[in-house]
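Notes for the structure review
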Amino acid sequence: MSAEPLRSRDLRKVYETRGAPATTALGGVSLEVHRGERVALLGRNGAGKTTFLKIASTLLRPTSGTIEIFGHDADRNPDLARPLIAVVPQEGKPFFHLSPYEQVYTYLRARGFPRDLAKARTREALEKMGLTDIQDRLAITLSGGQRQRTMVATVIATEAPLLFLDEPTIGMDPFARRAVWDALRELTRRGSTMLLTTHYLDEAEALSDRLYIIDRGRVLVQGTAEELKASVGGTLKVTLAKGAGRRELFESFGECVVDGGSCTVIVPPERLGELMAIAVREHLTATVGPVTLEEAFLRFVGRSINEDDT
Amino acid sequence: MRSRAFQGLPAFFWTEVLVQANELTAMATSMVIQGVVLVFVWILDPSLLGIAFCGALIFSMFTMGQRLLNEAAYIRIDHKANDLYLASPLSPEGYFLGMAGGILLVYIAPVIVMGILAEIVVRFTLAEVGLLLAVCFSVWISSASIGYTFSTFFRDNRAIWAYASLFFTTFGVVFPVFYPLTSFPASLQPIALLLPPSAAASLVQAAIGAIPVVPSRVVFGAVALAAETLALFGFAVYWARRTVREG
Ligand SMILES: Nc1ncnc2c1ncn2[C@@H]1O[C@H](COP(=O)(O)OP(=O)(O)O)[C@@H](O)[C@H]1O
Ligand SMILES: [Mg+2]
């Protein structure tokens, strides 16, 4: 297992559906995930994230291109890739008539874990996901977030070398999400690698070492959260209440993004004083905060949409 | 590290037993059609009760395939269980047979009760019991194979209900399973002998003396049943492996 955990080259997927035009879900995606990394795929609904994960996890055949899991061609030799991976599917559910304990334990047994190890791993994963108190209740009696925690527990208990997590924290409360982050960080410390998708950009920022932003089946940009944020033209975000009507005042600072009556500009720290002086002079209330991944995401994807529209 | 053939079968079998064992009402209602037929036969012509009981046993094994069809499609579509279980070292055939076996173990309980009642009515010889077990096993394997294969074609659970009940009622009730093969139109009898449940029923009917033993018919039915069981099972294993991946 010396090869990269995941490497795709020009991966394309066209869905042919009878009676409907073909959909190009992936238009040539090349990406890599290095050993021990946590990488996030970000993109709007329908960008192609799930399609990529399904091909990578050997559940869907690509139209063209290659994808390797630890050096095994996932399309030609899926049997060699499967023992090395585990998947939290998008919108997956545990069996309703199993308890979280039974769900995790039987899954590990089905993957070939010996009894004692399966028991120990089950207890540990349930504990990490905060499910110990409800581990013996049937899943049918659990809330949506508790079921999702059971799904994550099922998969992290495997400690598989490569994990795919498709929106793993959807529907979870902030505490549960942080428990997932901690569990995933610990798994990578123990040597696992992971590729995940999420629409929570704070999560992507807190959790991933590297990110790929994809849109309409293409990689727009990749890098660390810091790199992506740095590329938006500043590290500070200034929101000017009632600034929408006075946009011309801030033209020299770059694009002013309007939201309701307010407008937001991104500035480097050295120009903050200049901008605040204008705000004070014009009696505009200004709120200053750090640039987050959300600004980077909106900017990259928004630019791509505009380019295609023109 | 390539997974072995049938790897994970026993573990997934127990998973499915646990999943199914919570459906006690469904266990009881799995006998409704057979019960209704038996009551009618008992009222209308008690002399056919032996045949009807044998048919009920065979029909019960046949509908295990319908249960598997529903379960496999439901957990794939609603629970995304394929993504979880098949992107793993668990073998696709272990998944298919584990699910089939788990359903069998849970739903066999009322069939055993039915078998005891059949014994009281028919008084089988040991050889007849052996034959009955063998044909029931064949019918189970073939219908489970058909059920799993069909399950892969659906994208919506609601579509399944209509097709599945049409299929299983046609071949399990309209064809001569509960009644003698000789009462079926003579021109269509070869077709009945080609279909696993009615072929199985005809063999048992001949064995218990309910229909005349015609050697060519017995050989035809037995060979067809055996060959189809093997072919359907082989195909289902191939298909289970192939359909791990879509597109
Ligand atoms: N089974 C399918 N058949 C046809 N089109 C599909 C299928 N699955 C996904 N698509 C289309 O492919 C595109 C990408 O979908 P998906 O990978 O699910 O996106 P994401 O996970 O990023 O929201 C969408 O336009 C979607 O409609
Ligand atoms: Mg998705």
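The present account deals with the structure reproduced in this document. (Residues numbered from 1 in each chain as written. Chains lettered and ligands numbered in written order. Predicted model: local features only at pLDDT ≥ 70, side-chain atom pairs only at ≥ 80, totals over all residues. Heavy atoms only, no water.)

Section: the pairing of strand 11 (residues 236-240) of chain A
Residues and elements named next belong to chain A. Taking every second residue as pointing to the same face, the buried face of strand 11 carries L236, V238 and L240, while none of K237 and T239 on the other face is buried. Bridging between strand 11 and strand 13 (residues 262-267) involves five bridges; their strand directions are antiparallel. In the strand pairing of strand 13, L240 is matched with C263. Sheet topology places strand 11 next to strand 14 (residues 286-290); five bridges connect them, and they run antiparallel. Residue T239 lies in a different strand from strand 14, and its bridge partner there is T287. (Buried < 20%, exposed > 50% of the residue type's maximum accessible area, 1.4 Å probe, protein only. Helix = DSSP H or I, 4+ residues; strand = E, 2+ residues; numbered from the N terminus. Pairing = 2+ DSSP bridges.)

Examining helix 5 (residues 144-156) of chain A
Helical periodicity: at 3.6 residues per turn, an α-helix aligns residues three or four positions apart in one direction. Taking 1.5 Å of rise per residue, 13 residues should cover 18 Å, and helix 5 of chain A covers 19 Å from first to last C-alpha, within 8% of that figure. Along helix 5 of chain A, the residues that are buried comprise G145, Q146, Q148, R149, T150, M151, V152, A153, T154, V155 and I156 of chain A. Along its buried surface, helix 5 of chain A packs onto strand 6 (85-88), helix 3 (100-110), helix 4 (115-128), strand 7 (162-166) and helix 6 (174-189) of chain A together with helix 5 (81-86) of chain B. (Expected span 1.5 Å × (residues − 1). Contact = heavy atoms within 4.5 Å.)

Digging into the interface of chain B and chain A
Interface extent is often summarised as the accessible area lost during association of the parts. Facing 29 residues of chain B, the contacting portion of chain A comprises 40 residues. The junction of chain B with chain A conceals about 3200 Å² of combined surface from both sides, 60% of it contributed by carbon and sulfur atoms. The interface formed by chain B and chain A holds three salt bridges in total. A salt bridge links K54 of chain A to D83 of chain B; its shortest N-O distance comes to 3.9 Å. Between chain B and chain A we count 10 residue pairs in polar contact (both at pLDDT 80 or more) in total. Secondary structure elements with two or more residues in the side of chain B that touches chain A: helix 1 (9-20), helix 4 (49-77) and helix 5 of chain B. (Buried area = accessible area lost by both parts, 1.4 Å probe. Salt bridge = Lys/Arg side-chain N within 4 Å of Asp/Glu carboxyl O. Polar contact = N/O pair within 3.5 Å; in protein donor to acceptor, adjacent residues only side chain to side chain.)

Details of the state of the cysteines
Summed over the entire model, instances satisfying the criterion amount to one disulfide over all chains. With its sulfur 2.2 Å from that of its partner, C256 of chain A forms a disulfide with C263 of chain A. Not part of a disulfide, C54 of chain B finds its nearest cysteine sulfur in C136 of chain B, a span of 8.7 Å. Exposure remark for C54 of chain B: the relative accessible area of 3% places this residue in the buried category. Among the residues examined, C136 of chain B registers a relative accessible area of 11% and is labelled buried. (Disulfide = S-S within 2.5 Å.)

Section: the pairing of strand 9 (residues 210-215) of chain A
All names here are of chain A. Counting buried positions along strand 9 gives six out of six residues, so the element sits mostly inside the fold. Burial of the side chains of strand 9 extends over both faces: R210, Y212 and I214 are buried on one face and L211, I213 and D215 on the other. With five bridges connecting them, strand 9 and strand 10 (residues 218-223) associate as antiparallel partners. Looking at the pairing, Y212 lines up with Q222 of strand 10.

Thoughts on the packing of helix 3 of chain A against helix 4 of chain A
All names here are of chain A. Closest axis-to-axis distance for the helix 3/helix 4 pair is 9 Å, and the angle between their directions is 140°. Of the possible angle classes, the one that applies to helix 3 and helix 4 is oblique. Here the hand of the crossing between helix 3 and helix 4 comes out right-handed. Here P100, Y101, V104, Y105, L108 and R109 of helix 3 come into contact with helix 4, specifically with R115, A118, K119, R121, T122, R123 and L126. In terms of residue class, the contact of helix 3 with helix 4 is made up of seven nonpolar, one polar and five charged. (Axes fitted to C-alpha atoms, helices over the stretch in contact; angles between N-to-C directions. Parallel < 35°, antiparallel > 145°, perpendicular 65-115°, else oblique. Left-handed = near helix turned anticlockwise from the far one by under 90°. Nonpolar A, V, L, I, M, F, W, Y, C, P; charged D, E, K, R; others polar.)

A word on the packing of helix 7 (residues 126-151) of chain B against helix 11 (residues 215-242) of chain B
Helix-helix packing is described using two parameters, namely the angle between the two axes and the distance between the axes. All names here are of chain B. In contact at an axis separation of 8 Å, helix 7 and helix 11 are set at 35° when each is read in the N-to-C sense. When you trace helix 7 past helix 11, the crossing you get is left-handed. Between helix 7 and helix 11, the residues in contact are V135, S138, I141, S142, S145, I146, Y148 and T149 and L225, T229, L232, F233, F235, A236, W239 and A240, respectively. A per-class count over the contact of helix 7 with helix 11 returns 11 nonpolar, five polar and no charged.

Describing empty space enclosed by the protein
Residues and elements named next belong to chain B. Tallying each qualifying case throughout the model produces two cavities of 30 Å³ or more. Considered as a void within the structure, the largest cavity measures approximately 40 Å³ in volume. Surrounding the largest cavity, S202, L203, A206, I211, P212, V214, R217 and V218 form its lining. Among the elements that make up the lining of the largest cavity, the one with the highest residue count is helix 10 (residues 196-207) (three residues). Residues belonging to the lining of the largest cavity are distributed by class as follows: six nonpolar, one polar and one charged. Volume-wise, the second largest cavity comes out at about 30 Å³. (1 Å grid on protein atoms, 1.4 Å probe; cavity = no way out; pocket = protein on both sides within 12 Å on 5 of 7 lines; lining within 4 Å. Points joined across faces, edges and corners; volume = space filled by probe spheres on them.)

Function-wise, these values are silent; they only describe arrangement.
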